[in-house]
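Okay, here's what each chain looks like letter by letter:
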Amino acid sequence: MPARSRRSRRLDVPAELAAAREGSHRAVARLVSVVSDGGPQLREVVAALADGSGDQAWVVGVTGSPGVGKSTTVAALVTALREEGARVGVLAVDPSSPFSGGALLGDRVRMGVHALDPGVYVRSMASRGHLGGLAAATPQAVRVLEAAGVDVVVVETVGVGQSEVEVAGLADTTVVLLAPGMGDGVQAAKAGILEVADVLCVNKADRDGADATVRELRQSVALGADGRAPGDWRPSVVRSVAAGGDVAELVDAVRAHQRWAREHDAVVPRRLRRAAAEVSAIALARLRRTFGQPGEGGLLDDVAGEVAAGRLDAFTAADRLVAEVEG
Ligand SMILES: Nc1nc2c(ncn2[C@@H]2O[C@H](COP(=O)(O)OP(=O)(O)OP(=O)(O)O)[C@@H](O)[C@H]2O)c(=O)[nH]1
């Protein structure tokens, strides 16, 4: 009963945003919940966040296979960034939700040493109800954190499936974590992570095989397996022992990439790409809703039935769908 009334409570959005700007963790939490879970006030919140101040925080995406040490690394990274005086936000993003616990992941991170630090905001997101999915919900949550004056947002995604790689790849600096013997260079290339990584970090470098993994990754990068053009940033390969708090090479690599991106006018194109992904995710989701998903008995099913029966060609069927939207 209390949970229910809490869910249905309408937010006073301008007041919440003002409180977030004052640094209220609870206001940040409530606004991130709206952009993550969707709901009737999503549009109002997103509109209020478009206040003309533009993107300000540096977004660091961290991804890697389960067990590679993401949570430990993110916690150590936050400690290092706090020592530099930065205000830090952490978004723990779980694309597999609603089936597994995005909240659990966030709670686990939240329990760390940063739980009581007013300069650290940690939220978990599942994008359960957001029309545009994670590609839209993540930049919107970043904007909430920016309103609270955060300088760096670390976006931690679970796993290295396609959607996680996509979300991580929308960051200003994308860090892919590997561990010795778990994700070698060939696997990394196969999973498409060499293409999105700005920094490849071999965590658990206290374990056997770390040197071999680093060597192999450096070879893959040198051989151009990452598909980048000359003049592009070459991913740096570093090591960390997150469990021992040693992420110095990783922090240096993130800062080096940030400097490079600023000096080479690489920031704006990336942010445009992020905004384009956000807008197109929302627009495409809306189109899909108009057509209906396969099996929902909507317009898509109608024309698909005609195509399957050989009475209509697929291009004409697509024309009908588009005409429906435009009309
Ligand atoms: N030896 C060693 N173990 C580490 C290191 N970093 C993390 N671990 C351990 O690896 C395990 C997994 O760490 P997590 O940080 O939970 O990894 P994760 O990638 O967030 O894991 P999932 O939540 O399963 O995706 C834990 O037992 C950590 O203590 C390290 O640098 N060296």
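In what follows, the structure referred to is the one given above.
What you see is a predicted model, and the numbers here were worked out from it, not measured in a lab.

### Remarks on the overall build of the protein chain
Looking only at helices and strands, the protein chain has 15 helices and seven strands in total. Within the protein chain, the proportion of its 327 residues that are buried is 46%. A total of about 16100 Å² of accessible surface is found on the protein chain, and carbon and sulfur atoms cover 55% of it.

### Focus: the pattern of salt bridges
Across all of its chains, the model carries 11 salt bridges by this definition. Salt-bridge contacts for arginine 82 lead to aspartate 117; the nearest nitrogen and oxygen are separated by 2.8 Å. Separated by 35 residues along the polypeptide, arginine 82 in helix α5 (residues 70-83) and aspartate 117 in the loop between α6 (102-110) and β3 (120-125) bring together distant segments of the chain. Residue classification places arginine 82 among the partly exposed residues on the basis of a relative accessible area of 26%. For the salt bridge of aspartate 172 with arginine 274, the shortest nitrogen-to-oxygen distance reads 3.2 Å. Here the residue aspartate 172 occupies a position in the loop between α8 (162-169) and β5 (173-178), and arginine 274 occupies one in helix α13 (residues 267-291), the gap between them amounting to 102 residues.

### Side note on the site of the ligand
Taken together, 16 residues lie near the ligand, and Gly69, Lys70, Ser71, Thr72 and Asp206 sit nearest. A distance of 2.8 Å is found between an oxygen atom of the ligand and a side-chain nitrogen or oxygen belonging to serine 71. In this structure, aspartate 206 approaches the ligand through a side-chain N or O atom, which is 2.9 Å from a nitrogen atom. For the ligand, whose free accessible area comes to 650 Å², the fraction covered by protein is 70%. A per-element tally of the shell around the ligand places α5 first, with three residues.

### A closer look at the sheet that holds strand β7 (residues 236-239)
Sheet strands line up and pair through hydrogen bonds in the backbone, either parallel or antiparallel. A sheet is described by the order of its strands in space; here seven strands give the open sequence β3-β2-β4-β1-β5-β6-β7, paired in parallel fashion. Taken across any chain shown, the strands that pair with only one partner, and hence form the sheet edges, are β3 and β7. For this sheet, the mean angle separating the axes of adjacent strands, direction not counted, is 20 degrees. Both strand β1 (residues 58-64) and β5 contribute to a ladder of five bridges, which runs parallel. Across the sheet, residue valine 60 finds its bridge partner in β5, namely threonine 173. Contacting β2 (88-93) and β3, helix α3 (residues 25-37) runs over the sheet at an angle of about 25 degrees to β3. Contacting β1, β2, β3 and β4 (152-157), helix α7 (residues 133-147) runs over the sheet at an angle of about 160 degrees to β2.

### Observations regarding the environment of valine 202
Looking at the element boundaries, valine 202 is found in strand β6 (residues 199-202). Note: C-alpha distance between valine 202 and valine 238 (36 residues apart in sequence) is 6.2 Å. Contact partners of valine 202, with chain neighbours within four places excluded, come to Leu178, Pro180, Ala210, Thr213, Val214, Leu217, Val238, Arg239 and Ser240.

### With respect to the packing of helix α2 (residues 13-21) against α3
Where α2 meets α3, the closest approach of the two axes is 7 Å, and the angle between their N-to-C directions is 130 degrees. Taken as axis vectors, α2 and α3 run oblique relative to one another. The handedness of the crossing between α2 and α3 is left-handed. Of α3, the residues touching α2 (which contributes Glu16, Leu17, Ala19 and Ala20) are Ala27, Val28, Arg30 and Leu31. Of the residues contributing to the contact of α2 with α3, the split by class is six nonpolar, no polar and two charged.

### Quick notes on the pairing of β4
Of all six residues in β4, six are buried; the element is thus mostly enclosed. Across five bridges, the pairing between β1 and β4 is parallel. Paired with valine 59 across the two strands is valine 153, which belongs to β4. As defined by bridge partners, β2 adjoins β4 across six bridges and the pair is classed as parallel.

Cut-offs applied
Residues numbered from 1 in each chain as written. Predicted model: local features only at pLDDT ≥ 70, side-chain atom pairs only at ≥ 80, totals over all residues. Heavy atoms only, no water. Helix = DSSP H or I, 4+ residues; strand = E, 2+ residues; numbered from the N terminus. Buried < 20%, exposed > 50% of the residue type's maximum accessible area, 1.4 Å probe, protein only. Areas by Shrake-Rupley, 256 points an atom, 1.4 Å probe, with all protein chains shown as cover. Salt bridge = Lys/Arg side-chain N within 4 Å of Asp/Glu carboxyl O. Near = heavy atom within 4 Å. Polar contact = N/O pair within 3.5 Å; in protein donor to acceptor, adjacent residues only side chain to side chain. Pairing = 2+ DSSP bridges. Axes fitted to C-alpha atoms, helices over the stretch in contact; angles between N-to-C directions. Contact = heavy atoms within 4.5 Å. Parallel < 35°, antiparallel > 145°, perpendicular 65-115°, else oblique. Left-handed = near helix turned anticlockwise from the far one by under 90°. Nonpolar A, V, L, I, M, F, W, Y, C, P; charged D, E, K, R; others polar.

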